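Summary of structural features
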Amino acid sequence: MLIDHLGRIIEYLRISVTDRCNFRCIYCSTHQNWKWLSHKEILRFEEIEKIVKVGAKLGVKRIRLTGGEPLIRKNIEILVEKLSQIPGIVDLSLTTNGFFLEELGGKLKKAGLKRLNISLDTLNKEKFKILTGVDAFEKVLKGINLALDLGFNPVKINVVVIKGFNDDEILELAKLTFEKPLEVRFIEFMPIGKNSLWNENHIITAQEIKEILNKYSPLIPSNSVGGGPAKVFKWKNTLGKIGIISPISEHFCYKCNRLRITPDGRLRPCLFSDNEINLKPILRGNKGTLEEAFERALRIKPAKHHLNFTKRPMRAIGG
Ligand code: SAM
Ligand code: SF4
């Protein structure tokens, strides 16, 4: 079992497979200083597999693949298949912007992917274009419907709430749960990346989100699959659920159960801390062992985050 210096049990590894993305979301891609990673710098599938095998032996049970956009990584389904067969991994999921799901959803399911998180911050086609830089609202909706039809369970929808931008859509987005068995999760906007447009005026807190939802219809506490920090509710007579994630207003660091792997092979103990362990010398130069790297990560994992802007943009960390 992986237990850190504060007694937190670490069982969740979030792996970013690329820093590249076909979208330019305003909250994620406003970081002009980030130099794209070269093909050589990015971890190969065999290297990711090696890390997961060691992690699984030490106590990692859950894996999430993310990015950047993980579905632009060529043959991603091969990695999914490899990871799904590693003994000890009981939960394999992936976060995507949904653009390539129509093409890849079936392959991913066949490869052993169990569940999906799909980002959708607005139900307005024009706003979607402004937010992501791509005219793809309908395509993403089709991807979400296909994910449900293919039997991914649960399908979670990630909504980053930005004051003045999409807070007027909180109810409409949550009402998707009447029609579909989706878990719609509202996430507080986080200050990731040096040039982020984040500032406190853009924040709408978990409490404010809850009040809006409660006013419409009382929220009933519920639960969810996965190892994440969302507080989960539902309304009466819905097929789906509602999650609220509060990294800013009420941090959940005391029960954090995860480590991250960046696309260029850094083991990152905290989303908000740039203190990382480079796995490349181990993977490519036989200097040290992955076991030692995991042990070190347990020692340096911060007790809590301090909301400092990170050097890396979100997509080079893995959201
Ligand atoms: N491209 C995929 C996607 O958009 O789902 C996966 C990578 S993306 C970085 C992972 C998640 O991080 C998305 O749900 C996205 O909305 C979220 N995210 C990105 N920047 C964020 C920020 N500044 N605050 C909160 N969530 C953020
Ligand atoms: Fe791309 Fe996801 Fe970042 Fe949007 S949030 S720019 S889809 S990585």
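Above this text sits the structure in question.
All residue numbers refer to positions counted from 1 along the written sequence of the respective chain. Chain letters start at A and ligand numbers start at 1, both assigned in the order the entries are written. For a predicted model such as this one, the threshold for reporting local features is a pLDDT of at least 70, and the threshold for listing and counting side-chain atom pairs is 80 or more; totals across whole chains, interfaces and linings nevertheless cover every residue. Excluding hydrogens and water, the side-chain figures rest on all heavy atoms present in the structure.

This brings us to the overall build of the chain. Counting from the N terminus, the helices are DSSP H or I runs at least four residues long and the strands are E runs at least two residues long. Along the chain, the regular secondary structure elements total 11 helices and 14 strands. Along the three orthogonal principal directions, the C-alpha set of the chain runs to about 55 × 40 × 40 Å. The buried share of the chain, reckoned over its 319 residues, is 56%. Partitioning the intrachain contacts of the chain with sequence separation of at least 6 by distance along the chain shows that 74% fall at a separation of at least 24. Surface accessibility in these figures is a Shrake-Rupley result with a 1.4 Å probe; residues are shielded only by whichever protein chains are displayed. Summing over all exposed atoms, the chain offers an accessible surface of approximately 14200 Å²; the carbon and sulfur share of this is 53%. The centroid of the 53 positive side-chain charges in the chain is displaced by 4 Å from the centroid of its 35 negative side-chain charges. We call a residue buried when its accessible area falls under 20% of the maximum for its residue type, exposed when it is over 50%, and partly exposed in between, using a 1.4 Å probe and counting protein chains only. Note on definitions: a residue-residue contact is assigned when non-hydrogen atoms from the two residues lie within 4.5 Å. For the charge count, each Lys or Arg is scored as positive and each Asp or Glu as negative, with His and the chain ends excluded. Just so you know, the charge point we use is NZ for Lys, CZ for Arg, CG for Asp and CD for Glu.

All right, on to the packing of helix α2 (residues 76-84) against helix α3 (residues 101-111) then. Each axis is a line fitted through C-alpha atoms, taken for helices only over the stretch in contact, and angles between the N-to-C directions span 0 to 180 degrees. The interhelical angle for the contact between α2 and α3, taken along N-to-C directions, is 20 degrees, at an axis separation of 8 Å. Comparing the axis directions of α2 and α3 gives the class roughly parallel. Relative to α3, α2 is oriented so that their crossing is right-handed. On α3, the residues that touch Ile76, Glu77, Val80, Glu81 and Ser84 of α2 are Leu104, Lys107, Leu108 and Ala111. In this classification, Asp, Glu, Lys and Arg are treated as charged, Ala, Val, Leu, Ile, Met, Phe, Trp, Tyr, Cys and Pro as nonpolar, and every other residue, Gly included, as polar. When the residues that make up the contact of α2 with α3 are grouped by side-chain class, the tally is 5 nonpolar, 1 polar and 3 charged. By the definition adopted for this analysis, an angle is roughly parallel if under 35 degrees, roughly antiparallel if over 145, roughly perpendicular if from 65 to 115, and oblique otherwise. Each crossing gets its handedness from the near helix: less than a right angle anticlockwise from the far helix is left-handed, clockwise is right-handed.

Here a residue is near a molecule or strand as soon as one of its heavy atoms is found within 4 Å of it. If you check the shell around ligand 1, you find 17 residues, and the closest are Gly68, Glu69, Ser119, Asn158 and Met190. Here a polar contact means two N or O atoms within 3.5 Å. Within protein one must be a hydrogen donor candidate and the other an acceptor candidate, and residues neighboring in sequence count only if both atoms are side-chain atoms. At a separation of 3.2 Å, an oxygen atom of ligand 1 approaches a polar side-chain atom of Tyr27. Against a free-state accessible area of 540 Å², the protein chains account for coverage of 96% of ligand 1. Contributing elements (two or more residues each) for the shell around ligand 1: β5 (91-96) and β7 (155-161). Of the residues assigned to the shell around ligand 1, the class counts are 6 nonpolar, 9 polar and 2 charged.

On to the pattern of salt bridges. Salt bridge, as used here, is a side-chain nitrogen of Lys or Arg placed within 4 Å of a carboxyl oxygen of Asp or Glu. As enumerated under the stated definition, the model contains 21 salt bridges in all. Between Arg62 and Asp91 there is a salt bridge, with the nearest N and O atoms lying 2.9 Å from each other. Highlighted residues: Arg62 in strand β4 (residues 62-66) and Asp91 in strand β5, separated in sequence by 29 residues. Judged by relative accessible area, Asp91 falls into the buried class, the value being 6%. The shortest N-O distance in the salt bridge between Lys139 and Glu102 comes to 3.4 Å. Placement of the pair is Lys139 in helix α5 (residues 137-149) and Glu102 in helix α3, with a sequence separation of 37 residues. Residue class for Glu102 comes out partly exposed when judged on its relative accessible area of 38%.

This part is about the nonpolar core. In this text, buried Ala, Val, Leu, Ile, Met, Phe, Trp, Tyr and Cys residues form a nonpolar core when linked through side-chain atoms within 4.5 Å. Counting residues in each nonpolar core, the largest one holds 95 residues, and the members touching the most others are Leu13, Ile63, Leu65, Phe186, Leu213, Leu267 and Leu279. Not counting chain neighbours up to four residues away, the residues in contact with Leu65 comprise Ile15, Val17, Pro70, Ile76, Leu79, Val80, Leu83, Ser93, Leu94 and Thr95.

Glancing now at the sheet that holds strand β3 (residues 12-16). In this scheme, strands are said to pair when DSSP sees at least two bridges between them. Across the sheet, 12 strands lie side by side as β9-β10-β11-β8-β7-β6-β5-β4-β3-β12-β13-β14; this open sheet has mixed pairing. Bordering the open sheet on either side are β9 (220-221) and β14 (277-278), each of which pairs with just one other strand. In terms of strand pairing, β3 meets strand β12 (residues 258-261) through 4 bridges, oriented parallel. When the bridges of β12 are listed, Arg14 appears paired with Arg260. Contacting β7, β8 (182-188), β10 (231-234) and β11 (241-245), helix α8 (residues 206-216) crosses the sheet at an angle of about 155 degrees to β11.

Stacked, edge-to-face and tilted labels apply to pairs of Phe, Tyr and Trp rings (six-membered ring for Trp) whose centres lie within 6.5 Å, assigned for plane angles under 30 degrees, over 60, and everything in between, in that order. What the rule picks out here adds up to 6 aromatic pairs. Between the aromatic rings of Phe178 and Trp235, the centroid separation amounts to 5.5 Å while the plane-to-plane angle is 20 degrees, which identifies the pairing as stacked. Of the two residues, Phe178 sits in helix α7 (residues 176-179) while Trp235 sits in the loop between β10 and β11, which places them 57 residues apart along the sequence. By relative accessible area, Phe178 is classed as partly exposed at 31%. Here Tyr216 and Trp235 contribute two aromatic rings whose centre-to-centre distance is 4.9 Å and whose plane-to-plane angle is 55 degrees, an arrangement assigned as tilted. Of this pair, Tyr216 sits in helix α8 while Trp235 sits in the loop between β10 and β11, placing them 19 residues apart in sequence. Classification of Tyr216 by relative accessible area gives partly exposed; the value is 40%. These aromatic residues form a ring-pair network of at least three members: Phe23, Phe99, Phe100, Phe128 and Phe137. Its guanidinium or amino end placed over the ring of Phe152, Lys109 lies 5.8 Å from that ring's centre, counting from NZ or CZ. Whether a charge sits over a ring depends on NZ of Lys or CZ of Arg being within 6 Å of the ring centre and within 35 degrees of the ring normal. Positioned over the ring face of Phe165 is Lys127, at 5.6 Å from the centre of the ring.

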